Structure formats: structure tokens, C-alpha cells
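# Results of the structural survey
The primary structure of each chain is shown beneath.
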Amino acid sequence: RTGFVRGSKDAILKGSFDRYVDTSKRKRGTAEVDDALLDEIENWRELLAKAIAKRNAGLDVHQLNHVVQATIDRIMFLRIAEDRGIEPYGTLQAIANGENTYGRLLERFRRADERYNSGLFHFEPERGRNGIPDEISPALEIDDKPLKQILKGLYYPDSPYEFSVFAPEILGQVYEQFLGKVIRLTPSRLAKIEEKPEVKKAGGVFYTPTYVVDYILRSTVAPKLEGQTPATIGGDQYSSNSSKHAQVPPVTILDPACGSGSFLLNAYQFLLDWYLGKYLESNPEQHTKGKSPRLYMKGANDWRLTSAERKRILTTHIFGVDIDAQACEVTKLSLLLKVLEGESDETIGAHLRLFHERALPNLSGNIKCGNSLVGPDFYDNVQLSLVDSEARLRINAFDWRREFPEVARNGGFDAVIGNPPYIRIQTLQAFQPETAEHLGRAYKSAATGNYDVYVVFTEKGLQLLNPTGRLGFILPHKFFTAAYGEGLRRLIADGHHLEHLVHFGHNQIFASATTYTCVMVLNRAAQAAATIHKVSDLKSWREAGAAASMRIETSSLSPAPWVFSDATSASLIEKVRKVGESLEAFTARIFQGLKTGADPVYIVDLLSEDGPVANIRSKALGIETQVEAEMLRKLIKGGDGRRYALTTTQRRILFPYRRGGDSKVELIPPDDLRTDFPLTHAYFVACRSLLDQREKGKWAGRKWYQFSRNQALDVIQHPKLFTPDLAPSASFCMDRVGDICFPGGAAGGYGIDPKPTISPLALLGVLNSKAVDFVHRQTADVFRGGWLSYESKHIKDLPIPRALVDTSVPDAGREKLEQCVRAIFELHDQKRSAKTAHENDAIARQISAIEAQIDQVVYRCCLLTDDEIRGIEDDALSRAATPG
């Protein structure tokens with residue numbers, strides 16, 4: 001990455017830029033610039049927050065966050081300007097020498113306002129200037145020590161950065177992480193830096209890779225510019241009073257959750273490149289003349305956009321909103337630094353002399369702080385007296401028409417782009433209950449009552465588009481099949497909005513995060529067809545756009561779960577479904593495993609058995625102890641389930657339940673537990689503090705030793721089929737005796753209890769067959785490494801031919817399946833006692849041959865052709881060659 005370089009002391013002394021120098025004091029040559037700078041500015045934040053809170057008792061926590069952020073942004077801007085040759089080098093360093101450091105720094109900020117006219121340095125009211133001046137910063141008192149430490153740390157030998165090549169994109173990556181934390185004030189006014197609760201819940205903040213942003217811009221903004229000229233996109237003096245040009249509304253681009261501004265930065269650069277290219281196509285000399293020249297030549301054939309033109313492009317076309325005021329300021333900072341790229345002290349001075357105009361635009365009309373999802377109608381449903389100042393700031397209702405009146409008059413934005421927040425409604429309810437309640441009333445996509453905020457952002461984005469506008473978001477593809485996505489699927493399907501989609505499957509887009517995403521491009525205008533790209537190899541897609549592509553009619557979409565299969569696969573799936581019924585029709589129950597709420601207490605390792613007493617190792621207590629063997633059940637986890645084979649270990653689960661008189665499973669009463677099972681009772685008593693803490697004391701009553709959920713207690717002790725929650729391919733197996741339990745959740749799996757007339761052996765064979773697994777692969781959620789979800793919601797609709805599993809109908813291969821499955825069981829039993837690799841391999845090959853016989857029975861029942869069978873077999877073979 002740029003911006004982090006190493007050099008020599010000689011280069012510094014010769015007047016070169018600041019470079020990192022290896023010293024015994026500070027060796028950071030292996031750090032990446034964004035990681036190192038993040039540590040630096042987080043340290044600045046802490047220093048400033050503590051110093052300002054100490055000397056300025058009248059500031060509330062919101063004002064404190066504002067002034068700390070603003071001070072850091074101003075210092076960062078000026079230091080970068082110094083290394084770019086826009087500001088005199090060493091100006092900030094000189095301020096660190098002497099007393100009254102903040103007073104002199106503030107004076108430096110005021111002089112910057114005279115030069116740049118940026119909202120970053122806006123301290124006084126000024127006629128014709130938008131935005132509210134910062135009246136807090138000039139009144140601050142800050143001790144010299146923290147400011148001196150910060151300012152001196154910006155220069156050699158303390159600084160490892162060369163700010164002249166410090167790209168705004170890198171700054172955005174740093175700030176994206178920086179914005180994930182906030183300053184809090186303790187009752188004694190001690191400043192603390194904490195991770196935002198919603199960020200902590202989401203697992204952190206993740207920066208969208210540039211290649212994804214560029215793809216979204218090519219899919220949303222580029223089509224709008226195709227075949228156009230600067231004049232036809234509102235780029236030719238649109239802001240003048242000329243009636244000729246006032247008829248051409250400008251192309252407008254919005255990020256409604258702009259964060260640090262990465263999408264808007266890239267959109268701005270996209271437009272800068274486009275404008276420059278267009279001017280060069282049409283006699284560039286003509287664009288150097290007039291009152292508002294667009295181009296100037298810096299060197300031989302080195303044409304540049306003028307500062308005025310760069311400003312105009314930004315203020316005309318780029319818009320952003322974020323609920324976080326600090327994020328908005330960072331976005332402005334990044335965009336302003338982008339405006340100044342290529343500028344110098346000489347060019348800015350010349351611009352001031354020639355055009356009497358300061359170098360930077362005021363972005364208060366373009367980048368605004370507000371809640372993109374909550375409009376002024378929020379107050380129609382609340383008692384105004386109950387909305388205090390804290391709630392008002394938290395809700396931050398935003399009136400789109402009032403805030404962007406020109407855009408509203410032109411029908412909306414041409415492009416809405418971004419990476420909306422991925423926040424479950426339960427998280428939002430915890431931190432912004434008023435907002436959560438409002439969204440449920442205001443948006444169709446929230447009608448399910450259990451949703452993720454990104455679906456609401458998508459609906460809002462569509463509303464903000466003009467009649468020919470496009471939306472491009474990167475977001476989780478879970479809404480394709482999840483119940484909470486039904487509202488959004490309905491909205492897109494009913495309006496025929498889907499234009500194209502890039503399905504990344506299990507490929508990971510975000511560094512250090514496991515998130516399964518897609519790029520979705522929607523068109524406000526109805527589309528007859530959409531293109532679906534399914535990416536199997538991310539590197540190939542990035543470099544060459546390689547993906548399996550298909551066209552679908554948008555009329556084929558519905559609120560039902562979306563499954564995108566090519567024509568051949570879709571035809572094959574339909575054929576299998578036609579002869580089958582859903583798995584759910586053949587089962588009494590598909591159930592999740594046990595949930596104790598305190599697994600370290602209940603799940604133990606069996607060391608040995610001595611008659612009725614079992615010696616165990618307890619993770620909760622960290623000791624070996626004893627319980628009654630009768631209280632233990634064998635326990636498997638998801639990884640113990642393989643095709644046709646269960647692996648049992650010494651893992652056990654304490655099961656304090658018994659069957660009652662009506663055959664229902666009930667908790668053993670406390671008195672009976674103490675009398676009949678004294679060892680187990682003593683063990684639970686020793687663990688009581690842990691058990692009482694579950695779910696904030698919810699179970700701390702008379703039945704304090706019960707599981708936190710009573711699901712599956714009756715059926716889990718029956719013979720059953722079992723599937724892991726996650727597996728690379730079908731891994732159904734059988735508990736033939738009914739003595740095995742398993743946990744619920746990702747570490748466990750699901751049990752299948754067939755109806756009395758259904759052959760469990762035949763059903764097991766069909767579920768493990770290649771034909772049924774092929775259907776499942778097209779419809780299930782795919783995770784990292786290509787592993788598939790085998791949750792109940794994905795397997796309950798798997799097509800099962802009745803003739804193969806139902807003993808009440810004529811046999812059409814059922815006995816053959818049963819015979820094959822029994823043989824596989826026997827071979828697995830033999831495999832466990834195999835002594836040599838040769839013997840093990842021979843058994844494995846025989847198992848494979850018998851599985852092939854099962855596949856043939858299912859193929860015949862589904863009436864598949866040789867070509868269709870070959871397609872399924874090739875698919876299975878390709879997956880076997882590249883395991884996850």
C-alpha cells in the first residue's frame with residue numbers, strides 16, 4: 001500500500017519528504033500504513049478527549065466527540081497539505097514550539113479558512129455560506145502537552161509516513177475503523193474510548209474493496225453517462241442562471257450510508273476521469289478559455305482539470321448521508337483531499353488571484369448527517385413531549401425532499417450506491433428502539449417483523465431513485481432464501497426491478513470477516529430480464545470477469561425463496577421434484593438438537609465407569625468428579641456425522657430428565673434428584689452459580705438445573721436419522737438404537753424422525769443420493785470452503801420419491817435401497833477394525849460401489865436421461881476433485 005515508505009537520514013536532511021527511519025527507539029517497518037496510522041489517530045483521540053474533558057466542563061458527550069474529531073481532521077488535512085507542497089512545510093511543527101499551543105493552532109485553522117473556504121475550518125457566520133459554523137472549538141481550553149505530543153509526532157524522526165502520497169482511499173480505510181469507536185464520559189467526566197455497541201454486535205467494521213466499488217459504479221453510473229457529453233449530464237454551467245442549461249438536470253449519485261466515504265470517493269474519481277476524457281475528445285484548447293476554464297496544461301500534453309472544475313463536479317454530482325456526524329465529517333475530509341490532488345501552493349495562489357475564489361468547496365449541501373431510513377413522519381406516531389434531546393439526536397429524522405430540493409424536483413437520484421449496514425432488527429431494538437418500531441410501520445420489506453436493516457435500506461434506495469435510476473449495493477445474499485427476506489423479494493419481484501446480480505457464493509469479499517455477499521443492481525424502471533453471475537473463483541472474476549452467467553425473466557421471480565440455476569440444472573431439478581414429495585411429508589418431525597444454555601456444565605468427558613458410578617471430567621469446574629452413569633447419554637457433534645456412519649467418542653451429556661406416566665419426558669424433581677441421584681445433584685449444586693447466570697437469571701428458580709430449552713427432549717432418544725448442520729455434501733447417517741443425543745446450533749445438527757410407514761433405511765439412501773444432493777446444492781446457503789447448510793429450512797423441501805420409501809405402496813426399488821444401506825452399515829463396522837491401509841481402501845471402494853447402486857435406483861425412479869445423469873455425476877466429480 002502507498003503512503004508508508006522507508007528512507008535514509010540523508011534524504012531528510014536534503015529537504016526530501018519525511019520518511020521512515022529505522023531506529024532502536026521505533027521499529028515499525030513491517031506495519032501497514034492503515035494499521036499503523038489507525039493506532040496513531042486512536043492515540044490522538046484519547047489524548048484530546050481526556051485533555052478537553054478535563055478543562056471544558058460545559059461540553060456534553062456529543063460536543064466532545066465533535067470537537068475531538070474536528071481537531072484531528074484539521075490537523076490531518078494541513079499536514080497532508082504540507083507534504084503535497086500546498087502549505088509551507090513545518091508549519092504545524094513550529095506551533096509545537098512555545099506556549100499557548102492551542103491558541104496558535106486555532107489561528108492556523110482560521111488562516112486556512114481564508115485560503116480554502118472549507119466547512120472543515122468554518123468558525124464564523126459568513127454571508128452566502130452554507131453550513132453552521134463551529135462555535136465550540138474557538139472557546140476550548142486545551143493543555144499544551146497533548147497537542148505538542150501530537151504535532152511533534154507528525155514529523156521526522158517520530159513519524160513513519162510520507163503524507164505527500166497519502167491517498168484519500170487509505171485515509172478512508174483508516175477512518176472506517178476509527179469510526180467504529182466513540183468517546184464516552186463517566187459520571188466523573190473521565191473520557192473513555194469504547195467500541196460502539198452496534199459495531200461490537202456486528203463483529204467490527206469492514207471496508208469495501210475498491211474492485212467491488214468500481215464494479216458497482218460501472219453498473220450504475222456508467223450506463224447513465226454512455227453516449228453523453230458534459231452538457232447533457234448537467235455538467236455545463238448548470239449552476240448558472242442560463243435558461244438554456246437550466247433545462248438539463250445533473251446526474252446525481254448518492255450513498256445513503258456513506259461511512260468514511262469510500263464509495264463517494266470512487267464515484268468522484270470516476271466522474272473526474274470521465275469529464276477529462278470528454279474534454280480531451282473535443283479540442284482541449286477550447287476548454288482552457290472563458291470565465292470558467294475547464295482545463296489547463298501542467299506540462300507537455302499533461303492536461304488537468306482546473307480546481308474550479310473539480311469543485312464544480314463534486315458539488316454538482318456527489319451526495320451522501322450518514323447517521324453518524326463524525327462519518328459525515330470524514331467523508332468531507334476525504335473528498336476535499338481528493339479535490340486538492342495535483343494542486344500546489346502555486347496553483348492555489350494563482351486561482352485565488354485570477355478568480356478571487358477560495359480553493360475548496362463547502363460540502364455542507366452535499367454531505368449531510370441524518371437517519372436515511374426515518375423521515376419527519378416519525379413524529380406523527382409519537383408523543384412529542386416524550387422525545388427529549390438525547391432521543392432526537394439518536395433518531396435524527398431526515399427529510400429527503402427538504403435536504404435535497406433540487407434532486408427532489410428532478411425526480412430523484414440517478415444512482416444510489418453503497419454498502420448498507422448489516423444489522424439485525426434485534427440489535428437495532430436494543431440500541432435504537434424508536435427507530436426499530438418506526439421501520440416496522442414504514443417499510444414493506446420490514447413486514448416480516450424479523451429482518452436485517454440492509455433490506456430496508458434497499459427499499460429506501462429504490463424510493464430515492466428517479467424513474468430511470470439504478471441502485472447498486474453489496475449486501476448479504478441470505479435474503480434470497482431467508483424468511484426475513486420475503487418482503488424485499490416481493491418488492492423487487494412485483495416491480496421487476498432486478499437488472500443484474502453477482503452472486504459471490506461462499507467467496508469472502510471482506511477481509512477478516514465471514515460474510516456471504518452479492519452485488520445487486522436494481523433499476524427503478526421495470527426490467528423484462530435480468531443477468532445472474534455466479535462466481536466460483538473470486539480471483540478469476542476480479543481479473544477477467546469470469547463467472548457462470550444466465551439470463552432470467554424477471555416475471556419468474558416471486559416472494560418465494562430465490563434459486564438461480566441455469567436452464568439445464570433447473571430442468572433437472574424440476575424433473576426430480578416432479579416424481580417426489582417434500583421430505584417433510586415423510587417425517588413425523590425434523591428437529592434441532594438440545595440447548596442447555598450452559599454446555600460446559602452439562603457436556604462432560606467420560607473417563608471410566610465403575611458399576612453405577614461414572615468418573616467424568618468437567619470443563620465447568622476444571623476437575624474430575626463422579627455422577628451416576630444412568631444420568632449420562634452419548635453425545636455427538638456435527639463433525640461426528642459422516643455418510644452412513646456416526647462416530648461416537650467419550651463425550652457425554654448429563655440428562656436430568658425421565659419419562660413420566662404419560663410417556664412424556666419431564667425434569668426429575670429436585671427431591672427425587674437429591675435422593676435417587678445424589679452424585680449428580682451434588683455436581684449440579686457445585687455448578688449452580690453458572691446455571692443461575694443463564695439468560696440473566698431466567699432459570700434461577702426451583703428448576704434451576706433444567707436445560708434452557710426443552711425442545712426435542714422426547715424424540716431425541718428415539719432411533720433417528722441425523723445430519724450435521726454444515727457439511728461439504730450430503731452426510732446423513734442413522735442412530736439405529738436411539739441412545740445418542742446431539743446439541744442444537746452450528747456445532748450440532750438436525751434429527752429426522754420418519755413416519756411409521758416410512759422405511760428409515762430407504763429414506764437414508766435417498767437423502768445421500770447424488771440426485772437429491774444435487775437439488776440441495778442448488779437451493780441451500782453456501783458457506784466458506786463450499787460447505788452447505790443442512791438446516792431444517794433447507795432440507796424439509798428436498799424431493800423424495802414416495803415409491804422408494806413408503807412401505808404402504810408397491811415396491812419400486814425400496815428393498816434394493818434397504819439392502820444396500822444395511823451392507824454399507826456392515827462395511828463401516830468392518831472398517832473400524834481394519835488393521836492396514838490396504839484393507840481400509842478395499843472396504844472404502846466397496847462402499848463407493850454400493851453407493852453407486854443406490855444412485856442408479858434413484859436415477860431410474862426419477863426417469864433421468866443418460867445426459868442428465870452424466871451432468872449430476874460430473875458435478876459430483878468436480879466437487880470431489882476440489883474439496884472445500
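Computed from a predicted structure; not experimentally measured.

Per the secondary structure count, the chain includes 35 helices and 32 strands. When the 884 residues of the chain are sorted by exposure, 53% land in the buried category. When the accessible surface of the chain is totalled, it reaches about 38,900 Å², and 50% of it is carbon and sulfur.

Taken as a whole and assessed by the stated rule, the structure comprises 47 salt bridges. Between Lys368 and Glu403 there is a salt bridge, and its shortest N-O distance comes to 3.0 Å. Note that Lys368 is positioned in strand 7 (residues 367-369) and Glu403 in helix 17 (residues 400-403), a separation of 35 residues in sequence. Glu403 sits in the partly exposed class, given a relative accessible area of 28%. Among the charged side chains, a salt-bridge network with shared partners connects Glu42, Arg45 and Lys181.

In this chain, Tyr156 is followed by Pro157 through a cis amide linkage whose omega measures 10 degrees. Tracing the sequence through the fold places Pro157 in the loop between helix 6 (144-152) and helix 7 (168-178). Of note in this structure, Arg189 is not a glycine but carries a positive phi near 65 degrees. Arg189 sits in the partly exposed class, given a relative accessible area of 26%.

The next thing to look at is the packing of aromatic side chains. According to the stated counting rule, one finds 37 aromatic pairs in the structure shown. Measuring from ring centre to ring centre gives 5.8 Å for Tyr89 and Tyr155, while their planes differ by 85 degrees; the resulting arrangement is edge-to-face. Here Tyr89 is found in the loop between helix 3 (61-83) and helix 4 (91-95), whereas its partner Tyr155 is found in the loop between helix 6 and helix 7, with 66 residues between them in sequence. Residue Tyr89 is classed as partly exposed on the basis of its relative accessible area, which comes to 45%. A residue is classified by how much of its surface remains accessible, and Tyr155, at 1% relative accessible area, is buried. Centre to centre, the rings of Phe504 and Trp541 are 5.1 Å apart; their planes meet at 80 degrees, and the pair counts as edge-to-face.

Looking at the element boundaries, Pro728 is found in the loop between strand 26 (726-727) and strand 27 (733-735). A sequence separation of 58 residues divides Pro728 from Gly786, and the C-alpha atoms of the two residues are 6.4 Å apart. Beyond its immediate chain neighbours, meaning those up to four positions away, Pro728 contacts Arg777, Gly786, Trp787 and Leu788.

Our next topic: the nonpolar core. Ranked by internal contacts, the top residues of the largest apolar core, which has 104 residues, are Ile52, Phe77, Leu92, Tyr116, Ile318 and Val519. Setting aside anything within four residues of it in sequence, one finds Phe77 in contact with Tyr116, Leu120, Phe121, Leu333, Leu336, Leu337, Leu340 and Leu360. Residues Val416, Leu428, Phe457 and Trp562 belong to the second largest nonpolar core, which totals 54 residues.

So, on to the pairing of strand 4 (residues 295-299). With 4 bridges connecting them, strand 4 and strand 5 (residues 302-305) associate as antiparallel partners. Bridging from a neighbouring strand, Tyr296 pairs with Arg304 of strand 5. Adjacent in sequence and paired antiparallel, strand 4 and strand 5 are bridged by 2 residues, among which Asn301 carries a positive phi angle near 55 degrees.

Turning our eyes to something else, we now look at the sheet that holds strand 8 (residues 413-418). Sheet strands line up and pair through hydrogen bonds in the backbone, either parallel or antiparallel. An order of 7-6-3-8-9-11-10-12-13 is seen for the 9 strands of this open sheet, with the pairing classed as mixed. Where the open sheet ends on each side, the last strands, each with one partner, are strand 7 and strand 13 (548-553). Averaged over all pairs of adjacent strands, the angle between their axes in this sheet comes to 15 degrees, without regard to strand direction. Pairing analysis gives 5 bridges linking strand 8 to strand 9 (residues 465-476), with the strands arranged parallel. Bridging from a neighbouring strand, Gly418 pairs with Phe473 of strand 9. Sheet strands in contact with helix 14 (residues 325-339) are strand 6 (318-322) and strand 7, and its direction is about 170 degrees off that of strand 7. Helix 21 (residues 453-464) rests against strand 3 (253-255), strand 8, strand 9 and strand 11 (516-523) of the sheet, and its axis sits at about 160 degrees to strand 9.

One turn of the α-helix equals 3.6 residues, which is why residues spaced by three or four share an orientation. Between its terminal C-alpha atoms helix 12 (residues 262-281) stretches 29 Å, which fits the 28 Å expected from 20 residues at 1.5 Å a residue. In the stretch just after helix 12, Asn283 is the one whose phi turns positive, near 55 degrees.

Tracing the sequence through the fold places Lys332 in helix 14. For Lys332, a relative accessible area of 16% corresponds to the buried category. Side-chain polar atoms of Lys332 contact the side chain of Glu329, separated by 3.3 Å. Beyond its immediate chain neighbours, meaning those up to four positions away, Lys332 contacts Leu363, Ser364 and Ile367.

Our focus in this paragraph is the confidence of the model for the chain. When pLDDT is averaged along the chain, the result is 86; 89% of the residues meet or exceed 70. Here residues 1-31 scores under 50 on pLDDT; set against residues more than four positions off or in separate chains, the count is 68 contacts. This stretch, residues 237-246, has a pLDDT under 50; its non-local contacts, to residues over four places away or in other chains, come to 11 contacts.

Buried residues dominate strand 6, accounting for 5 of its 5 residues. Of the two faces of strand 6, the one holding Ile318, Gly320 and Asp322 and the one holding Phe319 and Val321 are both buried throughout. Pairing analysis gives 3 bridges linking strand 3 to strand 6, with the strands arranged parallel. The residue of strand 6 that forms the bridge with Leu254 is Phe319. With 3 bridges joining them, strand 6 and strand 7 adopt parallel strand pairing. Counterpart to Gly320 in the pairing with strand 7 is Ile367.

What follows deals with the packing of helix 33 (residues 814-832) against helix 34 (residues 837-861). Between helix 33 and helix 34, the least distance of the axes is 10 Å, while the angle of their chain directions is 165 degrees. For the element pair helix 33 / helix 34, the angle class is roughly antiparallel. Crossing angle aside, the handedness with which helix 33 passes helix 34 is left-handed. Only Asn840, Ile843, Ala844, Gln846, Ile847, Ile850, Glu851, Gln853, Ile854 and Val857 of helix 34 make contact with helix 33, whose side of the interface consists of Lys816, Leu817, Cys820, Val821, Ala823, Ile824, Leu827, His828, Gln830 and Lys831.

Each value, and the rule that gives it
- Residues numbered from 1 in each chain as written.
- Predicted model: local features only at pLDDT ≥ 70, side-chain atom pairs only at ≥ 80, totals over all residues.
- Heavy atoms only, no water.
- Helix = DSSP H or I, 4+ residues; strand = E, 2+ residues; numbered from the N terminus.
- Buried < 20%, exposed > 50% of the residue type's maximum accessible area, 1.4 Å probe, protein only.
- Areas by Shrake-Rupley, 256 points an atom, 1.4 Å probe, with all protein chains shown as cover.
- Salt bridge = Lys/Arg side-chain N within 4 Å of Asp/Glu carboxyl O.
- Phe/Tyr/Trp six-rings, centres within 6.5 Å; stacked < 30°, edge-to-face > 60°.
- Contact = heavy atoms within 4.5 Å.
- Core = buried A, V, L, I, M, F, W, Y, C linked by side-chain atoms within 4.5 Å.
- Pairing = 2+ DSSP bridges.
- Axes fitted to C-alpha atoms, helices over the stretch in contact; angles between N-to-C directions.
- Expected span 1.5 Å × (residues − 1).
- Polar contact = N/O pair within 3.5 Å; in protein donor to acceptor, adjacent residues only side chain to side chain.
- pLDDT = per-residue confidence, 0-100.
- Parallel < 35°, antiparallel > 145°, perpendicular 65-115°, else oblique.
- Left-handed = near helix turned anticlockwise from the far one by under 90°.

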